[in-house]
Amino acid sequence: MRSVLITGCSSGFGLHTAILLARRGWWVFASMRNLDKRAALDREAERAGLSPGALRVVRLDVTDPASVREGVEQVLEETGQALDAVIQNAGISVASTFEELPDEELRQVMETNFFGVLNVTRRVLPAMRARGRGKIVIMSSESAFFGTPLVSAYCASKWALEGWAESVALEVAPFGVRLVLVEPGAYRTSIWESSRLIAPEGSPYAGLVQRMLAKGKQPSHARDPAEVAEAVARLLESNHPRFRKPVGPDARVSSFAHKLLPYGPRTFLIRKLLGLPPPRAQGVELRRHLLSGRARVPRRRATSIGSGGNRTHAGRCETPSRIAPLPRNRPECLGVDIPPRPVSSRPAPDRSAGSCDIRAT
Ligand SMILES: NC(=O)c1ccc[n+]([C@@H]2O[C@H](COP(=O)([O-])OP(=O)(O)OC[C@H]3O[C@@H](n4cnc5c(N)ncnc54)[C@H](OP(=O)(O)O)[C@@H]3O)[C@@H](O)[C@H]2O)c1
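Within any chain, residue numbers begin from 1 and follow the written order of that chain's sequence. For this predicted model, a pLDDT threshold of at least 70 governs which residues receive local features, and a threshold of 80 or more governs which side-chain atom pairs are given and counted, while totals over whole chains, interfaces and linings are taken from all residues. With hydrogens and water excluded, all non-hydrogen atoms of the structure serve as input to the side-chain values.

K.L.:
Explain the site of the ligand to me, and be specific about the residues and the numbers.
P.N.:
In the vicinity of the ligand there are 30 residues, among which Ser10, Ser11, Arg33, Tyr154 and Thr189 approach most closely. Whenever a nitrogen or oxygen atom comes within 3.5 Å of another N or O atom, the pair is scored as a polar contact, on the condition that within protein one atom can donate a hydrogen and the other can accept it, and that pairs from neighbouring residues in sequence are kept only if both atoms are in side chains. At 2.9 Å, a side-chain N or O of Asp61 approaches a nitrogen atom of the ligand. Backbone polar atom of Val62 to a nitrogen atom of the ligand: 3.0 Å apart, as the coordinates give it. Only the protein chains shown count as cover for residues, and all accessible areas are computed by the Shrake-Rupley method using a 1.4 Å probe. The protein chains hide 95% of the 900 Å² of surface that the ligand would expose on its own. Segments assigned H or I by DSSP are reported as helices when at least four residues long, segments assigned E as strands when at least two residues long, and all are numbered from the N terminus. Residue assignment for the shell around the ligand shows that the elements contributing at least two residues are α1 (12-23), α5 (152-172) and α6 (191-194). Under the scheme applied here, ten amino acids are nonpolar (Ala, Val, Leu, Ile, Met, Phe, Trp, Tyr, Cys and Pro), four are charged (Asp, Glu, Lys and Arg), and all others, including Gly, are polar. Of the residues in the shell around the ligand, the class split is 13 nonpolar, 13 polar and four charged. Near residues are defined by distance, with any heavy atom within 4 Å of the molecule or strand qualifying the residue.

K.L.:
Could you give an account of the sheet that holds strand β3 (residues 55-59), with specific residues and numbers?
P.N.:
What links the strands of a sheet is backbone hydrogen bonding, and the strands pair in either a parallel or an antiparallel sense. Only strands that DSSP links by at least two bridges are regarded as paired with each other. Taken in spatial order, the seven strands line up as β3-β2-β1-β4-β6-β7-β9 in an open sheet, and their pairing is parallel. Edge positions in the sheet fall to β3 and β9 (244-247), since each has one partner strand and no second. This sheet shows a mean twist of 20° between the axes of neighbouring strands, independent of strand direction. Pairing of strand β2 (residues 27-32) with β3, which is carried by five bridges, proceeds in the parallel orientation. Looking at β3, one finds that Ser31 is bridged to Val58. Residues are treated as being in contact if the distance between any of their heavy atoms lies within 4.5 Å. Axes here refer to lines fitted to C-alpha atoms; in helices the fit is confined to the stretch in contact. Angles between the N-to-C directions go from 0 to 180 degrees. Sitting on the sheet, α1 is in contact with β1 (3-6), β2, β3, β4 (85-88), β6 (134-139) and β7 (177-184), with an inclination near 170° to β1. Sheet strands in contact with helix α3 (residues 65-78) are β1, β2 and β3, and its direction is about 155° off that of β3.

Listed below in structure tokens is the structure:
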């Protein structure tokens, strides 16, 4: 019988996946950090008509190395060191702007979503490598495709996971161990309600927070989590699973856009979709400056070539062509203080309208 250890089975994807895999004949070790929360899983197991031995409940807190060691040891002992798969599902989120996010909250998200996965992998990998087979399924998210305001910690944890998994997959593949990333879109689980919102009163970000939470914490398009359980089961049972598996229409669109669009258009779309204001134009001052003919060029980048009393310059600055030509004999119009130089015999370069010549050194 194929065996699987799943983390975070007290609710959501973990619970659904545990029940589905047990129904499909897997020997499931459903782990959770707090065994007092097992009632929902037991109820679903009973409803599904599962035999008592089909689903074992194990205590495992992914952020506690001792708990991970004990939990994994128990599973390896029961399976005779022959664990076939692990589903790294446990995860949390917190909603806050970065500036107002306490450091301990940020670290807790990273400890759970990122270091938690590393803790479990470290424990299961030796047995899988020695056996020459094993699958490690990692619950990433469509948040790995784009940044989103208020959930920077969550996004960072999932981006970190993706880079880590891509690297480790290359290391362990020759030993017959596969890493797979599941990237769900929005699904109706308890993560939306359980994630804390940190928004201090009188915050300069109050408008952004209001806008982001106007439609509630959970997006209206969130779908049935059973879909994710089904996708995970198919990945586990496939001989050639894809390394990345976006799940749900929103995740597939995001994945496609991530591959296709550069940062600028992607962020423009996200801003439009979320109804965010455009960034404050920082170029306004500079543009006004340029239009007034006082282009500021860093002093160390400007070199002048003396030509008697009439100094000219070689190279070009980026003055827009619609600006009237700058006077020849006035280097100060560039905002550059150019010291006098000895007379040179080199001819003055040809100058065209709308540009002033500066040589970058
Ligand atoms: N729902 C979505 O739309 C969505 C989308 C993309 C990705 N995901 C990812 O899917 C995974 C599952 O989340 P979910 O949506 O099913 O949310 P959920 O219902 O809140 O489930 C999260 C599970 O993780 C457990 N957990 C939290 N910290 C833990 C720890 N330190 N050690 C062990 N277990 C811990 C929770 O246990 P407690 O009950 O004790 O807190 C719970 O069982 C997460 O990694 C999440 O990032 C979710």
